[in-house]
Amino acid sequence: MPVIDLRSDTVTKPTSGMRQAMANAEVGDDVYGEDPTVNRLEAMAAELLGKEAGLFVPTGVMGNQLCLRLHTQPGDEVIIESSAHIIRYEGGSASSMSGVQLCCVPGTRGLLSPDVVETAIRRPDLHTPSTTLLCLEQTHNVGGGSVYPLETIHQLTDLARRHGLGLHLDGARLFNASAKTGVSVAKYACLFDTVSFCLSKGLGAPVGSMVVSDTARIQKLRRLRKIFGGGMRQVGILAAAGIYALEHHVSRLAEDHVNAKHLAQLLLAIPGLAVDVESVETNMVMFQVPQSSKSTEQLLEDCRKAGVLLNAVGARSFRVVTHLDVNREDMEAAGQIFARVFAGS
Ligand SMILES: *Cc1c(COP(=O)(O)O)cnc(C)c1O
């Protein structure tokens, strides 16, 4: 029986069409700017997001961290939501790579509100660190794939601009937000100085993220990428996967959202399991099994043995993510497995 892997949308494998595109890619030395396929991907990403230029980076973490370095000086303070990826899952690199202090502001399902951000912005004073950057995350990972309404982003970015802050969007799943709301990725991106997004998640590429910005900033980021060890050579083979992903896998993201919603509805029917179906906006479902007598690890193990992989996000609290490599039937099968494992636990 094949395993249904719902741990993350990073687990997707390249399709045969994508592999074909990779095999056929024209390549050159990208550190010399001579890889035509990378150049095409960078231009394509910039155009899609309405920015002047793009930069292909190995990972989303590197994309975010290059932007943090670009926007700050050591000792500066960056305002960010408390459960952001940059805080939780990037190995503390904001402090080690850029020497910045993170001002963690709690949000609701990961989403910040303008009044709390306004309070967090330091007023210039001899004693205080300088607040120089606001980072937002769209969709919010730990928030359960939650989506900032465009109006809230407008309020937050207006506020940041009034205080002279730089603006970075960790848009790892920005295309999921756009698929949900119908607001174009460019409409989100135009409100930020720098935007990063992942090709290797719901879009299904094996590797890679993009950063987009204006030409001057991308030039600086290109140098920073080299300094951080991310200068790559005949990497058109990977860029071809990214181009293929942008051409073929954007319009299908809505399917992942339908599947996630469907799975949430199946979970709702399982006694002892708590899930908020309303809060499922994109491709993630968070749920809890608060009364279980088993440990979180044991429950994960029981699911694994029964044929479903998922991640824990807290004590008896779990996350499942839908993606390119799972379909409606997998949702039905996973729903039945969860019912068996959790109902009797
Ligand atoms: C996945 C992710 C990233 C980047 O992670 P990589 O594994 O380095 O590609 C950044 N931000 C968010 C919100 C993410 O979910």
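Analysis parameters
Residues numbered from 1 in each chain as written. Predicted model: local features only at pLDDT ≥ 70, side-chain atom pairs only at ≥ 80, totals over all residues. Heavy atoms only, no water. Phe/Tyr/Trp six-rings, centres within 6.5 Å; stacked < 30°, edge-to-face > 60°. Domains from an automatic or database assignment. Contact = heavy atoms within 4.5 Å. Buried area = accessible area lost by both parts, 1.4 Å probe. Salt bridge = Lys/Arg side-chain N within 4 Å of Asp/Glu carboxyl O. Polar contact = N/O pair within 3.5 Å; in protein donor to acceptor, adjacent residues only side chain to side chain. Helix = DSSP H or I, 4+ residues; strand = E, 2+ residues; numbered from the N terminus. Nonpolar A, V, L, I, M, F, W, Y, C, P; charged D, E, K, R; others polar. Near = heavy atom within 4 Å. Areas by Shrake-Rupley, 256 points an atom, 1.4 Å probe, with all protein chains shown as cover. Pairing = 2+ DSSP bridges. Axes fitted to C-alpha atoms, helices over the stretch in contact; angles between N-to-C directions.

Draft legend 1. The packing of aromatic side chains, seen in detail. Inspection of the entire model under this criterion finds six aromatic pairs. Put simply, the rings of Phe 287, Phe 318, Phe 338 and Phe 342 touch in pairs and so form one group of aromatic residues.

Draft legend 2. Geometry of the domain arrangement of the chain. According to the domain assignment, the chain contains domain 1 (13–248) and domain 2 (252–343). Tallying the contact residues gives 18 residues for domain 1 and 13 residues for domain 2. Roughly 1,400 Å² is buried in total at the junction of domain 1 and domain 2, and carbon and sulfur atoms are behind 51% of that figure. Looking only at domain 1, the three residues that lose the most surface to domain 2 are Gly 144, Asn 176 and Gly 202, adding up to 29% of its buried area. Here Arg 109 makes a salt bridge to Glu 281, at a shortest N to O gap of 3.2 Å. The tally of links from domain 1 across to domain 2 stands at seven residue pairs in polar contact (both at pLDDT 80 or more). Of the residues forming the side of domain 1 that touches domain 2, the biggest block, four residues, is contributed by helix H8 (residues 174–181). Class assignment for the residues of the side of domain 1 that touches domain 2 results in five nonpolar, nine polar and four charged.

Draft legend 3. Spatial organisation of the site of the ligand. Close to the ligand lie 13 residues, the nearest being Gly 60, Val 61, Asp 170, Arg 173 and Lys 201. Here a nitrogen atom of the ligand sits 2.6 Å away from a polar atom, N or O, in the side chain of Asp 170. Arg 173 is positioned such that a nitrogen or oxygen atom in its side chain is 2.9 Å from an oxygen atom of the ligand. In isolation the ligand exposes 380 Å². Once the protein is present, 84% of that is buried. The greatest single-element share of the shell around the ligand, amounting to three residues, is contributed by helix H3 (residues 60–71). Residue composition of the shell around the ligand, by class: three nonpolar, five polar and five charged.

Draft legend 4. Up close: unusual backbone geometry. Cis rather than trans, the peptide bond between Gln 138 and Thr 139 has omega equal to -10°. Mapped onto the elements of the fold, Thr 139 is located in the loop between strand S5 (131–137) and helix H7 (150–162). In this model, Arg 109 sits at a positive phi of 50°, which is unusual for a non-glycine residue.

Draft legend 5. Inspection of the sheet that holds strand S3 (residues 77–81) at higher detail. As summarised here, the arrangement of the seven strands in space is S2-S8-S7-S6-S5-S3-S4, forming an open sheet in which the pairing is mixed. The sheet is open, and its two borders are formed by strand S2 (53–57) and strand S4 (101–105), each paired with just one other strand. Across the sheet, the mean angle separating the axes of adjacent strands is 20° when strand polarity is ignored. Here four bridges tie strand S7 (residues 194–198) to strand S8 (residues 209–213), and the two strands are oriented antiparallel to one another. The partner of Val 195 across the bridge, within S8, is Val 212. Strands in contact with helix H10 (residues 215–227) are S2, S7 and S8; relative to S2, the strand with the most contacts, it is inclined by about 20°.

Draft legend 6. Local environment of the sheet that holds strand S12 (residues 311–314). What the four strands build is an open sheet, ordered S9-S10-S13-S12; its pairing is antiparallel. At either margin of the open sheet sits one strand with a lone partner, and together these are strand S9 (274–275) and S12. Bridge count for S12 against strand S13 (residues 317–321) is three bridges, and the pairing is antiparallel. Bridge pairing links Gly 314 to Ser 317 in S13.

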